[in-house]
Amino acid sequence: LAKTTQPISMDSYEGQEVNITCSHNNIATNDYITWYQQFPSQGPRFIIQGYKTKVTNEVASLFIPADRKSSTLSLPRVSLSDTAVYYCLVGALMFSGGYNKLIFGAGTRLAVHP
Amino acid sequence: NAGVTQTPKFRVLKTGQSMTLLCAQDMNHEYMYWYRQDPGMGLRLIHYSVGEGTTAKGEVPDGYNVSRLKKQNFLLGLESAAPSQTSVYFCASTEASGAYEQYFGPGTRLTVT
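Novice: In this structure, what is going on with the sheet that holds strand β7 (residues 65-67) of chain B? I would like to understand it.
Specialist: One key point about sheets: their strands pair by backbone hydrogen bonds, in either a parallel or an antiparallel sense. All names here are of chain B. If you walk across this open sheet you meet the four strands as β1-β3-β8-β7, and the pairing is antiparallel. Two strands close off the open sheet at either side, each with one partner strand: β1 (4-7) and β7. Strand-to-strand, the axes of this sheet are offset by a mean angle of 20°, without reference to chain direction. Note that β7 and strand β8 (residues 73-78) share three bridges and pair antiparallel. Bridged to Asn65 within β8 is Gly77.

Now the structure itself:
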């Protein structure tokens, strides 16, 4: 199982770009990288997923270098509502009859200030 | 389309009591999961199911049992609750096709005194 390491907490201000980096040195060939967001008293919510290079959606961008040993979630122009815990997960796609356990670490607590 | 729902939202139990948490999904997902989340920590997988009638142990299965009699429902049971089981419980589901997005329910906050 690929272990992930990410900062415990980060602070930012409204309007700034926030980059959260996750280390996953023993990522396997068929592992994908997925990020979730969790607000207090709610279940985690999928943000973005990628395998290599760069992925962008309406919420965030995910940058993955060629060696795939780390990844960076980029949140453009954060607002107060982006204050949440962000989890980086690494694992392979599930397939019929099998399952690759997902490990949610402690995540990164992002605090956005006015 | 309600997604993933959990019942109840809150519950207080005395040590030794039993209860069942219900998770329901209306997305026709094959895979379902039960997690627990303790304060300041990430989620830990309790049990999961890869299809109707199947269940398997996750990372922290002791003290819990599960059943998946219908595809849309996944039940988590505590036969004899202990204070160490005080936690927030989340249910999630995914498609079986390889899609990796887990859809989570709103959670059940359980306190065992």
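Anyway, onward from the coordinates.
Novice: Where do I start with the sheet that holds strand β5 (residues 53-56) of chain A in this structure?
Specialist: Residues and elements named next belong to chain A. With antiparallel pairing, the four strands of this open sheet are ordered in space as β2-β7-β6-β5. With partners counted over all chains shown, the strands left at the sheet margins are β2 (18-23) and β5, one partner each. Averaged over all neighbouring strand pairs, the angle between strand axes comes to 15°, with direction disregarded. Taken together, the four bridges between β5 and strand β6 (residues 61-64) define a ladder with antiparallel strand orientation. What sits directly across from Thr53, in β6, is Ile64.

Novice: Explain the environment of Val12(B) here, please?
Specialist: All names here are of chain B. Tracing the backbone through its elements, the reader meets Val12 in strand β2 (residues 10-13). Placed 78 residues apart in sequence, Val12 and Phe90 show a C-alpha to C-alpha distance of 16 Å. The residues touching Val12, leaving out its near neighbours within four places in the chain, are Thr111 and Thr113.

Novice: Can you help me understand unusual backbone geometry in this one?
Specialist: One can expect most non-glycine residues to show negative phi and most peptide bonds to be in trans. Between Thr7(B) and Pro8(B) the backbone carries a cis peptide bond, its omega angle lying at -5°. Within the secondary structure, Pro8(B) is located in the loop between β1 and β2. Even without a glycine there, the phi angle at Arg68(A) is positive, about 60°. Mapped onto the elements of the fold, Arg68(A) is located in the loop between β6 and β7 (70-75). By relative accessible area, which is 7% here, Arg68(A) ends up buried. Not every positive phi belongs to a glycine, and Asn28(B) is a case in point at roughly 60°. Mapped onto the secondary structure, Asn28(B) falls in the loop between β3 (19-25) and β4 (31-37).

Novice: Just to check I follow, could you spell out the layout of surface pockets for this structure?
Specialist: In this approach the atoms are scanned with a rolling probe the size of a water molecule, which exposes any empty space left behind. Put simply, the largest pocket is a space of about 360 Å³. Looking at the lining of the largest pocket, the elements with two or more residues in it are β8 (84-92) of chain A together with β9 (87-94) and β11 (108-112) of chain B. Class assignment for the residues of the lining of the largest pocket results in eleven nonpolar, nine polar and three charged.

Novice: Would you explain the state of the cysteines in this entry?
Specialist: Two cysteines, two sulfur atoms, one covalent bond between them: this is a disulfide. Under the definition given, this model contains two disulfides over all chains. Sulfur-sulfur distance for the disulfide between Cys22(A) and Cys88(A) comes to 2.2 Å. What sets the handedness of the Cys22(A) and Cys88(A) disulfide is the S-S torsion sign, and at about -80° it is left-handed. With Cys22(A) in strand β2 and Cys88(A) in strand β8, the pair connects residues that are 66 residues apart, well separated along the chain. At a sulfur-sulfur separation of 1.8 Å, the disulfide partner of Cys23(B) is Cys91(B). Here Cys23(B) and Cys91(B) share a disulfide; its torsion about the S-S bond, -75°, makes the bridge left-handed. With Cys23(B) in strand β3 and Cys91(B) in strand β9, the pair connects residues that are 68 residues apart, well separated along the chain. Of the residues examined, Cys23(B) reaches a relative accessible area of 0% and is grouped as buried. Among the residues examined, Cys91(B) registers a relative accessible area of 0% and is labelled buried.

About the criteria used
- Residues numbered from 1 in each chain as written.
- Chains lettered and ligands numbered in written order.
- Predicted model: local features only at pLDDT ≥ 70, side-chain atom pairs only at ≥ 80, totals over all residues.
- Heavy atoms only, no water.
- Pairing = 2+ DSSP bridges.
- Helix = DSSP H or I, 4+ residues; strand = E, 2+ residues; numbered from the N terminus.
- Axes fitted to C-alpha atoms, helices over the stretch in contact; angles between N-to-C directions.
- Contact = heavy atoms within 4.5 Å.
- Buried < 20%, exposed > 50% of the residue type's maximum accessible area, 1.4 Å probe, protein only.
- 1 Å grid on protein atoms, 1.4 Å probe; cavity = no way out; pocket = protein on both sides within 12 Å on 5 of 7 lines; lining within 4 Å.
- Points joined across faces, edges and corners; volume = space filled by probe spheres on them.
- Nonpolar A, V, L, I, M, F, W, Y, C, P; charged D, E, K, R; others polar.
- Disulfide = S-S within 2.5 Å.

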